[in-house]
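Structural characterization, general
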Amino acid sequence: MFKPHNLKKLRVFVSIVFLLSLSFIFLDTKETFPVWFRESFLFLQLVPSVIQATTVIGWMALGILVVIILTLLFGRIYCSFICPLGILQDVITRIANLFRKKKRRFRFLKARNILRYSLLIVVVAASFSGFIIILGWLDPFSVFGRFMTHAVRPVYIYINNGISSLLFSINNYWLNPIEFRAYSWASAGAVVALMTLVVWMAAAYGRQYCNTVCPVGTFLGLLSKFSLYKIRLDQQLCNSCGLCQQVCKAGCINTKEKSVDMSRCVGCYNCLTACKSNGVLYSIGLPITSDASHNSSRRQFLGSSASLVIATAGLANTIDQPQHENPTTIPEEKNFPVSPPGSKSLDHFVSKCIACHLCVSVCPKQVLQPSLFEYGLKGFLQPRMDYHTSFCNFDCTLCGEACPTGAILPLTLEQKHVEQIGKVVFIRRNCIVRTDLTDCGACSEHCPTKAVIMVPWRKVLLIPEVKPEICIGCGACEYACPTKPFKAIYVDGNKVHQIADKPEVLEQLAAPKPEDDFPF
Amino acid sequence: MKRRDFLQKTAAATLVAGTAFKFGSFSSLWAMEASAVNDKPYDLVAVRNGEPEAMFDKAIESLGGIGKFVKPGRSVVVKPNIGWDVSPERAANTHPGLVKRIIEHCFQAGAKDVFVFDNTCDLWTACYNNSGIETAVKSAGGKMVPGNVEKMYHEVQIPGGEKLKTALVHETILNSDVFINVPILKHHASARVTIAMKNLMGIVWDRRFWHRNDLHQCIADFCLYSKPTLNVVDAYRVLTRNGPRGVSEADVLLTRNLLVSTDIVAIDAAATRVFGSEPDEIPHIVIGHDMGIGNMNLQQLSINRISM
Ligand code: SF4
Ligand code: SF4
Ligand code: SF4
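Keep in mind that what you see is a predicted model, and the values were worked out from it rather than measured. (Residues numbered from 1 in each chain as written. Chains lettered and ligands numbered in written order. Predicted model: local features only at pLDDT ≥ 70, side-chain atom pairs only at ≥ 80, totals over all residues. Heavy atoms only, no water.)

Topic: the overall build of chain B
Note the cut-off: Strands are runs of DSSP state E lasting at least two residues, helices are runs of H or I lasting at least four, and both sets are numbered from the N terminus onward. Exposure is judged per residue with a 1.4 Å probe applied to protein chains only, and the accessible area is read against the type maximum: over 50% gives exposed, under 20% gives buried, and values in between give partly exposed. Under the convention used here, a 1.4 Å probe and the Shrake-Rupley method define accessible areas, while residue burial counts only the protein chains that appear.
Of regular secondary structure, chain B possesses 12 helices and 12 strands. Burial statistics for chain B: of 308 residues in total, 66% are counted as buried. Summing over all exposed atoms, chain B offers an accessible surface of approximately 10000 Å²; the carbon and sulfur share of this is 50%.

Written as structure tokens, this is what we have:
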């Protein structure tokens, strides 16, 4: 038999561990913790794991099974134990309470079935037709990730750098400053929009985001109707005093009717602690099938499914198909954006990425920046390689290790060294060597594969020559090229990533012999 | 000077340029420290066939010890090349053992603090770490200073600079009493070779400006402003092609040389010979010579040649 008080304590403890760990994963700039640490918190995130399971069969995919089994046993405890946005909402509700004279009392709310099932269906249908970004907009992990990346992280960096420059002033170099190269205002807008909704709902009504908007909540709600353990009001012991209802942030307890809507219960166990007369039960039992609302909600569900599948299918077709198939009018004439190393192809990436921006957070070069419409509408906010901001570090594979959905697959260093995500293009008529008749070569200097070399030109000068077949598309040349406003060298993305030829290894030259003399 | 005039000009320069140093017209930050070594016995010391540490010991000894340059209680900045995220064997960064030895000498001479930094090209934390330099510096008691923060760079004027009139220079350079420039000798895609003069690009912020505005002239112009107290050229392993980053160890030659001089042009001229090129093929060396920054005519210098 569960001790009710301990259940709530357990929930609070586990949720704090999850919230802190997941927050830290987005803030860690020093690779403090090993990959397994990151993965053990990420693999339970439902949406990322589901998407990953469609790509690779890894242990991350096990997360789905674990979540489903947990839900079938105990109800939607995912929402209170594991989901970072859910836990964050509890924190917000708590903070909001600090500003109230009297502690907030929740009341029973009617289920908004049409809204929540419609949203779930839109999201699922859109995901299947390649518009995964709509899921990305609402998925709690992604919302949380963007919130961390674009709201919390900049503050963290600001404070870190403030302390570090204070220390510098006394010649202490213990704390390194963190570079901050670009701020994505589009992402900030997305964060503000979604977080306003979440914060308002959390402060005013408790877990209403989870019970009306969140596709994960709605999905798990369907499962928890069949869960083994259920919250119930004992028809004899319950005296309808309403204490449990007042602490139920999901608004799913109806004390008048002595009923609990398990599809909306988030498993916080507050009610177990609140009841003074042992009227709240958490025990094994068959679903109570007598209530009519259950049947009607199923009917609504099926009804809205049918109409919405048709609607979303229509929507999917009206939005343009692959973007940038044709050369655009931009002077650098990029045909395709560059997707991160390990993302296989634009199609793969765009159909798997939920824009949680974990890769944006972990990329030490900050070359990964949220896109606007570079991938088209389909890929709004999905990260792209932004070579005007930075370039990809040759010996780095962090984004692939971090990505929880498999949109970016992990690469070994050997694979990364030949993973061609784009190809170099040289515009001679933009190049300083030609326009100014002076040496430059910043591009060749930075190139890790020497896919740009400097060759003699007009007797005394050296001008770039490119070998796209060994180029890996890292963008170092484009970043370094100093011409303005348009670059003289740039990377055009590969629609499908390829394997670059290995740079030719030249023969070892003969070293001078010890008996040789000085050359001067 | 236009690049196309080079071949003609350089031929003339070799004949005209005598010992005409024009040092007096500007006051370098290090002029005071440098004057202490006016009675130096050699213009340049070249050592070969040793390990970097032992070669430096020999070289500095023949100049009268590092105490000639580093007085007790002074702060020192050592500026190696740490530009690239590669291992020491790839010879794209200065030998960590050499950096360590120089710092040890400084502390023996009573230096208060020794700072080390570079404005790297690759990810700076990776460069500091994988070059082996961070570990070497810390084990010798020096301090690694970040070079990646724009706020740490402050504008300076470059009187007499033809193309480069101002630059943002790292505050550690501005605040230290002694500046020891420790480049590695390498092939360079655009500068042809990178040695002591080119290494100074790592103490400024906006390098793109240099590339946009006649790279060689800017390299030379900047030497008007910044005259290191001492230059130590690491030519132990030399990246002979695919510079400045290199592609593999096959690009590297074990040449086991080390050069020390207070004359930044002279040391570059000598190192160019070690590289296997002629100094007058390197535009920034010729311009530096013409501007009176130093002397590229090796036959006019007193050189101490030490074979180990
Ligand atoms: S591999 Fe490149 S894009 Fe990915 S995290 Fe590293 S530097 Fe960033
Ligand atoms: S050519 Fe440019 S994009 Fe290609 S490998 Fe070299 S630096 Fe990277
Ligand atoms: S960096 Fe740009 S301007 Fe400079 S040589 Fe390369 S292409 Fe030309």
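A short note on the nonpolar core
Put simply, the rule reads: What we call a nonpolar core is a set of buried Ala, Val, Leu, Ile, Met, Phe, Trp, Tyr and Cys residues that are connected through their side-chain atoms within 4.5 Å.
Judged by nonpolar contacts, the single largest core of 99 residues is most densely connected at A:F520, B:V70, B:V78, B:I180, B:F222 and B:V232. Per-element accounting of this core gives the leading share, 9 residues, to helix α11 (residues 264-275) of chain B. Counting residues in hydrophobic clusters, the runner-up holds 75 residues, among them A:C79, A:V123, A:F141 and A:C265.

Here we look at the interface of chain A and chain B
Selection criterion: Between two residues, a contact is recorded if the distance between any of their heavy atoms is within 4.5 Å. Once two parts are joined, some of their accessible surface, as seen by a 1.4 Å probe, is lost; buried area is that loss totalled over both. One speaks of a salt bridge when a side-chain nitrogen belonging to Lys or Arg is within 4 Å of a carboxyl oxygen belonging to Asp or Glu. We call two N or O atoms a polar contact when they sit within 3.5 Å, provided that within protein one can donate a hydrogen and the other can accept it, with sequence-adjacent residues counted only if both atoms are side-chain atoms.
Each partner contributes residues to the interface: chain A has 54 residues there, and chain B has 61 residues. Taking both partners together, chain A and chain B bury about 4700 Å²; carbon and sulfur atoms supply 58% of that area. Note that B:R192 is salt-bridged to A:D439, the shortest N-O span being 2.4 Å. On the surface where chain A and chain B come into contact, there are 13 residue pairs in polar contact (both at pLDDT 80 or more). Sorting the residues of the side of chain A that touches chain B by element identifies α9 (140-169), α21 (442-446), β9 (461-466) and α22 (476-480) of chain A as the ones contributing at least two each.

Looking at the site of ligand 1
As a reminder of what qualifies: Residues are classed as near a molecule or strand on a simple rule: at least one heavy atom within 4 Å of it. Residue polarity follows a fixed list, in which Ala, Val, Leu, Ile, Met, Phe, Trp, Tyr, Cys and Pro are nonpolar, Asp, Glu, Lys and Arg are charged, and the others, Gly among them, are polar.
Around ligand 1, the structure places A:P341, A:C363, A:P364, A:V367, A:L368, A:M385, A:C392, A:N393, A:C396, A:C399 and A:K416. Residue classes in the shell around ligand 1 are distributed as 9 nonpolar, 1 polar and 1 charged.

A few points about the packing of helix α10 (residues 215-225) of chain B against helix α12 (residues 283-290) of chain B
When two helices pack together, their arrangement is given by the angle between their axes and by how far apart the axes lie. Residue and element names in this part refer to chain B. This is how the line gets drawn: Between N-to-C directions, angles cover 0 to 180 degrees, with each direction set by a line fitted to C-alpha atoms, over the stretch in contact for helices. Note on terminology: angles under 35 degrees are roughly parallel, angles over 145 are roughly antiparallel, angles of 65 to 115 are roughly perpendicular, and the others are oblique. When the near helix sits turned anticlockwise from the far one by under a right angle, the crossing is termed left-handed; a clockwise turn instead gives a right-handed crossing.
Contact pair α10 / α12: the axes reach a minimum separation of 8 Å and the direction vectors enclose 45 degrees. Here α12 runs oblique to α10, going by the angle between their axes. For the crossing formed where α10 meets α12, the hand is right-handed. Residues H216, Q217, I219 and A220 of α10 form the contact with α12, whose participating residues are P283, H284, I287 and G288. Residue composition of the contact of α10 with α12, grouped by class: 4 nonpolar, 4 polar and no charged.

Points about the site of ligand 3
Near ligand 3 you find 14 residues, and of these A:C431, A:C440, A:G441, A:C443 and A:C481 are the closest. Counting only elements with at least two residues in the shell around ligand 3, the list comes to α20 (432-435) and α21 of chain A.

Section: the side chain of A:R384
Residues and elements named next belong to chain A. Relative to the elements of secondary structure, R384 occurs in strand β6 (residues 383-385). One polar contact links R384 to E374, side chain to side chain, over a distance of 3.4 Å. Dropping the residues within four chain positions of it, R384 is found in contact with V338, V367, L368, Q369, S371, E374 and Y375.

Considerations on the state of the cysteines
What makes a disulfide is a covalent bond joining the sulfur atoms belonging to two cysteines. Note the cut-off: A pair of sulfur atoms, both from cysteines and within 2.5 Å, is called a disulfide here.
The tally for this structure, following the rule as stated, stands at 0 disulfides over all chains. The closest cysteine sulfur to the non-disulfide-bonded B:C127 is located on B:C121, 7.5 Å from its own sulfur.

So, helix α7 (residues 113-128) of chain A
Residues and elements named next belong to chain A. Just so we agree on the cut-off: Here a helix's expected span is defined as the number of its residues, less one, multiplied by 1.5 Å.
Over its 16 residues, α7 runs 22 Å from end to end, which matches the ideal 22 Å to within 8%, given 1.5 Å per residue. Three or more residues of α7 are buried, namely N113, R116, Y117, S118, L120, I121, V122, V123, A125, A126 and S127. Phi turns positive one or two residues past the end of α7, at G130, with a value near 95 degrees.

Section: the environment of A:I114
All names here are of chain A. Along the polypeptide, I114 turns up in helix α7. Since its relative accessible area comes to 54%, I114 is described here as exposed. On a C-alpha basis, the gap between I114 and F24 in space is 37 Å, while along the polypeptide they are 90 residues apart.

So, helix α10 (residues 185-205) of chain A
Residues and elements named next belong to chain A. Along its 21 residues, α10 runs 29 Å from first to last C-alpha, staying within 8% of the 30 Å computed at 1.5 Å per residue. Where α10 is concerned, the buried positions are S187, A188, A190, V191, L194, M195, V198, M201, A202 and A203. Considering only its buried residues, α10 is in contact with α6 (84-98), α8 (132-138), α9, α11 (208-213) and β5 (368-370). A positive backbone phi angle near 80 degrees is found at G206, which sits one or two residues after α10.

Re the environment of A:G422
Residues and elements named next belong to chain A. For G422, the position within the fold is in strand β7 (residues 419-426). In sequence terms G422 and G267 are 155 residues apart; their C-alpha atoms lie 48 Å from each other. Once residues lying within four places of it in the same chain are set aside, the contact partners of G422 are C471, I472, G473, V491, D492, G493 and N494.

Some details on the pattern of salt bridges
Under the counting rule described, the total for this entry stands at 20 salt bridges over all chains. A:E478 is the salt-bridge partner of A:K334, the closest N and O atoms lying 2.7 Å from each other. You can see A:K334 sitting in the loop between α15 (292-318) and α16 (346-352) and its partner A:E478 sitting in helix α22, a full 144 residues away along the chain. The class for A:E478 is buried, based on a relative accessible area of 0%. Measuring nitrogen to oxygen at the nearest pair gives 3.4 Å for the salt bridge that ties B:K143 to B:D113. Of this pair, B:K143 sits in strand β4 (residues 143-144) while B:D113 sits in strand β3 (residues 113-116), and the two are 30 residues apart along the sequence. Since its relative accessible area comes to 27%, B:K143 is described here as partly exposed. When its relative accessible area of 16% is taken as the criterion, B:D113 is described as buried. Where salt bridges share partners, they join A:R11, A:D90, A:R207 and A:K249 into one cluster.

Remarks on a nonpolar patch on the surface
All names here are of chain A. Formally: Like charges within 9 Å and nonpolar side chains (Val, Leu, Ile, Met, Phe, Trp, Tyr) within 5 Å are joined into patches, using only residues over 30% in relative accessible area that form no salt bridge.
Taken together, the side chains of W59, L62, L65, V66, I69, L73, L228 and I284 present a nonpolar region at the surface, about 690 Å² in accessible area. In terms of residue count, the dominant contributor to the nonpolar patch is helix α4 (residues 62-74) (5 residues). Looking at where L228 falls in the secondary structure, it is placed in the loop between α12 (215-224) and β1 (229-233). You can call L228 partly exposed: its relative accessible area is 36%.

Details of a positive patch on the surface
Residues and elements named next belong to chain A. Heads up, the condition is: Only four residue types enter the charge count, namely Lys and Arg as positive and Asp and Glu as negative; His and the chain termini do not. In this description, the location of a charge corresponds to atom NZ of lysine, CZ of arginine, CG of aspartate or CD of glutamate.
A grouping of R428, R429, R434 and R458 is seen on the molecular surface, where their side chains present a positively charged patch. Relative to the elements of secondary structure, R428 occurs in the loop between β7 and α20. Overall, R428 belongs to the partly exposed group, its relative accessible area being 37%.

Considering the packing of aromatic side chains
The description of two aromatic rings rests on the distance between their centres and on the angle between their planes. Residue and element names in this part refer to chain A. Using the following cut-off: The rule is short: rings of Phe, Tyr and Trp, with Trp giving its six-membered ring, pair when the centres are within 6.5 Å, and they are stacked under 30 degrees, edge-to-face over 60, tilted in between.
Applying the stated criterion across every chain yields a total of 23 aromatic pairs over all chains. Their ring planes at 50 degrees and their centres at 6.0 Å tell us that F26 and F141 sit as a pair that is tilted. Of this pair, F26 sits in helix α1 (residues 4-27) while F141 sits in helix α9, placing them 115 residues apart in sequence. Like F141, F26 is buried. Both rings, one in F26 and one in F144, keep their centres 6.1 Å apart while their planes meet at 85 degrees; by these two values the pair is edge-to-face.

Topic: the pairing of β1(A)
Residues and elements named next belong to chain A. The condition that has to hold: In this analysis, strands are considered paired if DSSP registers two or more bridges between them.
Most of β1 sits out of view: 5 of its 5 residues are buried. The side-chain alternation of β1 yields two buried faces, one formed by Y229, I231 and L233 and the other by K230 and R232. Note: β1 against strand β4 (residues 280-284), 5 bridges, orientation antiparallel. Counted as the bridge partner of K230 is S283 from β4.

Points about the confidence of the model for chain A
Here is the rule we go by: pLDDT gives the predictor's per-residue confidence on a scale running from 0 to 100.
With 89% of its residues at a pLDDT of 70 or more, chain A has an overall mean of 86. Low pLDDT, under 50, characterises residues 306-330 of chain A; the predicted model gives this stretch 27 contacts beyond four residues in sequence or across chains.

Regarding the pairing of strand β1 (residues 44-48) of chain B
Residue and element names in this part refer to chain B. Most of β1 is tucked away: 5 of the 5 residues are buried. Of the two faces of β1, both are covered, the one formed by L44, A46 and R48 as well as the one formed by V45 and V47. Where β1 and strand β12 (residues 303-307) come together, 5 bridges link them in parallel fashion. Pairing of L44 across the sheet is with I303, part of β12.

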